[in-house]
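# Structural description and commentary
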Amino acid sequence: AVRQTLLKALVARCRSLEHQLPSNAFSHQPVTLVPPSGEPTTGLCWWMVTHGLSVETFLSSAHVRNHFNGPNALFSLDSKEFGTNKQSPSQEPWIELRTRSLQIHPEAIGLRHGWGESDICRNFVVEAAVGRGDWTTLLRHTDQPLDKNPQVIRVSQESVPRKFFNRFRIRMTGPTTTDT
């Protein structure tokens, strides 16, 4: 009786999760969530958060003003101030997103500068990993400042053929536009 009850509960939970995801998420065809050109929209992480799928944010250091924006500020188009605190070149600042509910095959990454008009990140890598595994470089930018408006940057599929990840981070690899 206990076994039957547990099996019924498991089936009900699986059906619930299936209804939360796009209809073709369980097919052998990839789910494309890259927005078309035009107005910026919120991305996959915002969708996951609004559908009860956990996305955690970790920072190498947190600016004191981050807490005014709420726990999901990084995923909102309205956030004006979110970022790391000052760090030295030997301790490269980073922001990481981690999900426990899904693994993601990245086709594009949405980025923007998250703090005023100064100290703009211009040297960085975007990396991905599975669990505690090694980081894989998805994007590398040198002397290319982020824009304060959201940008969608495509990921070369040669760098991640058929790979899925549950951790993503942006890591500064050099000075900002003000050499900090």
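Residues numbered from 1 in each chain as written. Predicted model: local features only at pLDDT ≥ 70, side-chain atom pairs only at ≥ 80, totals over all residues. Heavy atoms only, no water.

## Re empty space enclosed by the protein
Operational definition: The way it works is a 1 Å grid over only the protein atoms, where trapped points that fit a 1.4 Å probe form a cavity and open points with protein on both sides within 12 Å along at least five of seven lines form a pocket, and then any residue with an atom within 4 Å of a point lines it. Grid points are joined across faces, edges and corners, and a volume is the space filled by probe spheres set on the points. Secondary structure is summarised from DSSP: a helix means a run of H or I of at least four residues, a strand means a run of E of at least two, and numbering begins at the N terminus for each. Only Asp, Glu, Lys and Arg are considered charged, only Ala, Val, Leu, Ile, Met, Phe, Trp, Tyr, Cys and Pro nonpolar, and every remaining residue, Gly among them, polar.
Enumeration over the complete set of coordinates arrives at 1 cavity of 30 Å³ or more. The volume enclosed by the largest cavity comes to roughly 40 Å³. Taken together, Cys45, Val55, Leu97, Arg98, Thr99, Ile104, Asn166 and Phe168 make up the lining of the largest cavity. Top contributing element to the lining of the largest cavity by residue count: strand β2 (residues 94–99), with 3 residues. Its residues assigned to classes, the lining of the largest cavity comprises 5 nonpolar, 2 polar and 1 charged.

## Topic: the sheet that holds strand β4 (residues 124–129)
Convention followed: What makes two strands pair is DSSP finding at least two bridges between them. Lines fitted to C-alpha atoms define the axes here, with helix axes fitted over just the stretch in contact, and angles between the N-to-C directions of these axes take values from 0 to 180 degrees.
One open sheet accounts for 5 strands, arranged β1-β2-β7-β4-β5; its pairing is antiparallel. Two strands bound the open sheet, and with one partner strand each, they are β1 (55–59) and β5 (136–141). Strand-to-strand twist of the sheet, defined as the mean angle between neighbouring strand axes without regard to direction, takes the value 15°. Note: β4 against strand β7 (residues 167–172), 6 bridges, orientation antiparallel. Looking at the pairing, Ala129 lines up with Arg167 of β7.

## Digging into the packing of aromatic side chains
Here is the rule we go by: Any two of the Phe, Tyr and Trp rings considered here, Trp counted by its six-membered ring, make a pair once their centres fall within 6.5 Å; the pair's planes then place it as stacked at under 30 degrees, edge-to-face at over 60, or tilted in between. Any Lys NZ or Arg CZ found within 6 Å of a ring centre and within 35 degrees of that ring's normal is scored as a charge over the ring.
Within this structure, the stated rule accounts for 1 aromatic pair. Here the guanidinium or amino end of Arg98 rests over the ring plane of Phe58, the centre of that ring lying 4.1 Å away.

## Some words on the pattern of salt bridges
Definition in use: Salt bridges are identified by distance alone: a Lys or Arg side-chain nitrogen within 4 Å of an Asp or Glu carboxyl oxygen. For every residue, the accessible area obtained with a 1.4 Å probe (protein chains only) is divided by the maximum for its type, and the residue is called buried under 20%, exposed over 50%, and partly exposed between those limits.
One pass over the full model with this rule turns up 7 salt bridges. Between Glu92 and Arg171 there is a salt bridge whose closest N-O contact spans 2.4 Å. A residue pair is termed long-range when its members are at least 10 positions apart, and Glu92 in the loop between β1 and β2 and Arg171 in strand β7 qualify at 79 residues. Between Glu96 and Arg98 there is a salt bridge, and its shortest N-O distance comes to 3.0 Å. Residue classification places Glu96 among the buried residues on the basis of a relative accessible area of 3%. Classification of Arg98 as partly exposed rests on a relative accessible area of 21%.

## What about unusual backbone geometry?
Backbone geometry at Asp143 places phi at a positive 55°, although glycine is not the residue there. Relative to the helices and strands, Asp143 resides in the loop between β5 and β6 (151–154).

## So, the pairing of strand β3 (residues 108–111)
Residues Ile109 and Leu111 point to one face of β3 and are all buried, whereas Ala108 and Gly110, pointing to the other face, are not buried. Sheet analysis places β3 next to β6, joined by 4 bridges and oriented antiparallel. Bridge pairing links Ile109 to Ile153 in β6.

## Here we look at the side chain of Asn123
The criterion, for reference: Nitrogen and oxygen atoms within 3.5 Å of one another constitute a polar contact, given that in protein one can donate a hydrogen and the other can accept it, and given that sequence-neighbouring residues count only through two side-chain atoms. In this description, contact between two residues means that some pair of their heavy atoms is separated by no more than 4.5 Å.
With respect to the element layout, Asn123 can be found in the loop between β3 and β4. Of the polar contacts made by the side chain of Asn123, one reaches the backbone oxygen of Pro175; its length is 2.9 Å. Contact partners of Asn123, with chain neighbours within four places excluded, come to His141, Thr142, Asp143, Arg171, Met172, Thr173, Gly174 and Pro175.

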